[in-house]
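Residue-level structural notes
So the chains spell out like this:
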Amino acid sequence: RPTPTLHPRPDWSEHGPEAFWQAAAECLAEVAAQAGGRPVAGLAISSLAEAGVPLDRAGRPLYPIIAWYDRRSEPQAAWVEGRVSVAELYAITGQRASTSFSLTKILWLRENAPQAYAQMAHWLPVSAYVLYRLCGALATDYTIAARTLLFDQGRLGWSQRLLDEFGIDGGILPTPLPGGSVVGGLTAQAARITGLPAGTPCCLGGHDHLCAALACGAAQPAAAADSTGSAQALIFLLPRFLPDPALAAGGFACYAYLLPGVFVLKGGLKAAGSAIEWLARLLSGPQPDYVALEGEAREGVGRRRGPLWLPHLLGSGSPQADRSAKAALVGAQLEHGRGDIFRGLLEALACWTRHNLEVMSAATGLSYTALTLTGGTTRLRLLSQLKADLLGCPVTVPEIPEAAAAGAALLAGLGVGVYASAAEAAAAPTYPRSIFTPDSARTAWYDDLYRAAYLPLYDALWATNRALDGTRG
């Protein structure tokens, strides 16, 4: 189902809590009907991580869900970083302050909707809110808790230091537990709405990108996964929490993974699939002909150097963490057609992936040997092949219709004992897989393009981007 979204003011994006719950309930009812009476061992919820619902003591929503990408809380994010240093915040939470996180949204409510804030008895991340409507539990998993900017990664619990600093009552937050924990049974009311049996065990799922990675088999340190829809999330698994200030400066996040004793290092690019769609519309019209664009782009693969993009349409993402960075197309000439321009963006996104994985490997001392891809951009087989060629290692694309939901289901299976271990759960999916192997000749060709053209591009355009902003230095 589409996520029900409202735009009450320019640059504001919200979700109605009741509409959100109804969409989730309709999905569950559809799944229950498809199950055809077969027993359901348990369920778990995977969801976007940062947005939340303020509830009163009776469990009624007090304000719309502020979308994770809504930027109204920029003043609050700046205030947070003014109160707690980047280094200390990262050492506690594995994150840097931004408008995405629950903390800045709670602070915005306190300043701009004081009546709702005064009545707030609970703040539930969206997945926790759906779970609350299903079974009445007030709980969330570590991966969702991590995206509040209030979770202590060393203790795996709420940070009293940050709660005290920002004047927030920790009692409003749900109980944090490992993914897969059983927190309750489906209520009679929820059973009537969803068509599932009352008492069905309800378990904790997790952050959608991470659940998708789990469904693709990411369970051990050094596993790498790339989940790319509108944005790109690049995930690298670690055996421990790594509060490295250099990673904070580079825009990486580090926090607990879905499985015990495993952490995730995550890089990101806010415009990946959305950048491809934007360019495709410019080149091919409102209903882009991706087949034609991809075919024309293939003609220059491994043969034409340029044009090349700096793919920073919404800031640089990691590893520069530069919100002022802007996209650029360099090396364009009259001889180039739309296929070349489209190819240049796909090559740049593959270069961005390699750059981030190299930084991650250097910071952790772990080497990646393969990459798993999920998300809508995997429909562009050329992009998957380019990533294999740029990385010089195999790239696997599992054919999972809803990878995040499948990952949540694995956690439910782990929680109710269908799987005896995390390793067994991660190995359980048997979806078909496409494997893209690097072409050795193209790998050498693209290695030169990456080192000689792509890597210097950000620094070469740094001053130009500042000038376009009207700033210097």
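One can find the structure itself at the top, above this paragraph.
All of these numbers come straight from a predicted model, not from anything done at the bench.

1. A short note on the sheet that holds strand 10 (residues 182-185)
Within a sheet, neighbouring strands are paired by backbone hydrogen bonds and run either parallel or antiparallel to one another. Strand order across the open sheet formed by 3 strands is 2-11-10, with mixed pairing between neighbours. Sheet topology places strand 2 (43-47) and strand 10 at the edges, where each strand pairs with a single neighbour. Each strand of the sheet is rotated relative to its neighbour by a mean of 35 degrees, with strand direction disregarded. Pairing analysis gives 5 bridges linking strand 2 to strand 11 (residues 201-207), with the strands arranged parallel. By the bridge assignment for strand 11, Ser47 is matched with His207. Along the sheet, helix 6 (residues 126-135) contacts strand 2, strand 10 and strand 11; its crossing angle with strand 2, the most-contacted strand, is approximately 150 degrees. Docked against the sheet, helix 16 (residues 403-415) engages strand 2, strand 10 and strand 11, running at close to 145 degrees with respect to strand 2.

2. Quick word on the state of the cysteines
Enumeration over the complete set of coordinates arrives at 0 disulfides. The thiol of Cys351 is not disulfide-bonded; the next cysteine sulfur, from Cys393, is found 14 Å away. With relative accessibility at 0%, the residue Cys351 sits in the buried group.

3. Quick word on helix 4 (residues 102-112)
With 8 of 11 residues buried, helix 4 lies mostly within the body of the structure. What helix 4 keeps buried is the set Ser102, Leu103, Thr104, Lys105, Ile106, Leu107, Trp108 and Leu109. Where helix 4 is buried, its residues contact strand 3 (52-55), strand 4 (65-66), helix 2 (74-83), helix 5 (114-119), strand 5 (122-125) and helix 8 (160-166).

4. A word on the packing of helix 13 (residues 290-298) against helix 14 (residues 338-364)
Two numbers describe a pair of packed helices, the interaxial angle and the distance between the axes. Where helix 13 meets helix 14, the closest approach of the two axes is 7 Å, and the angle between their N-to-C directions is 85 degrees. Here helix 13 is positioned roughly perpendicular relative to helix 14, judged by the angle of their axes. Of helix 14, the residues touching helix 13 (which contributes Tyr290, Ala292, Leu293, Glu294, Glu296 and Ala297) are Arg338, Gly339, Phe342 and Arg343. Of the residues assigned to the contact of helix 13 with helix 14, the class counts are 5 nonpolar, 1 polar and 4 charged.

5. Some points on the packing of aromatic side chains
A ring pair, where both rings are aromatic, is described by two values, the distance of the centres and the angle of the planes. On inspection of all chains with the given rule, the structure shows 10 aromatic pairs. Between Trp68 and Tyr69, the ring centres sit 5.4 Å apart and the planes meet at 90 degrees, which makes this aromatic pair edge-to-face. Residue classification places Trp68 among the partly exposed residues on the basis of a relative accessible area of 32%. Look at Tyr69 and you get partly exposed, because its relative accessible area is 37%. Grouping aromatic residues by their ring pairs yields a cluster made of Trp12, Tyr63 and Trp108.

6. Focus on the nonpolar core
Most often, soluble globular proteins have nonpolar side chains that are buried together. With 86 residues, the main nonpolar core has Ile168, Leu265, Phe342 and Leu357 as its most contacted residues. When residues of this core are assigned to their parent elements, the largest contribution, 11 residues, is made by helix 14. In this structure, Leu28, Val53, Leu124 and Val126 belong to the second largest nonpolar core, which totals 29 residues.

Calculation criteria
Residues numbered from 1 in each chain as written. Predicted model: local features only at pLDDT ≥ 70, side-chain atom pairs only at ≥ 80, totals over all residues. Heavy atoms only, no water. Pairing = 2+ DSSP bridges. Helix = DSSP H or I, 4+ residues; strand = E, 2+ residues; numbered from the N terminus. Axes fitted to C-alpha atoms, helices over the stretch in contact; angles between N-to-C directions. Contact = heavy atoms within 4.5 Å. Disulfide = S-S within 2.5 Å. Buried < 20%, exposed > 50% of the residue type's maximum accessible area, 1.4 Å probe, protein only. Parallel < 35°, antiparallel > 145°, perpendicular 65-115°, else oblique. Nonpolar A, V, L, I, M, F, W, Y, C, P; charged D, E, K, R; others polar. Phe/Tyr/Trp six-rings, centres within 6.5 Å; stacked < 30°, edge-to-face > 60°. Core = buried A, V, L, I, M, F, W, Y, C linked by side-chain atoms within 4.5 Å.

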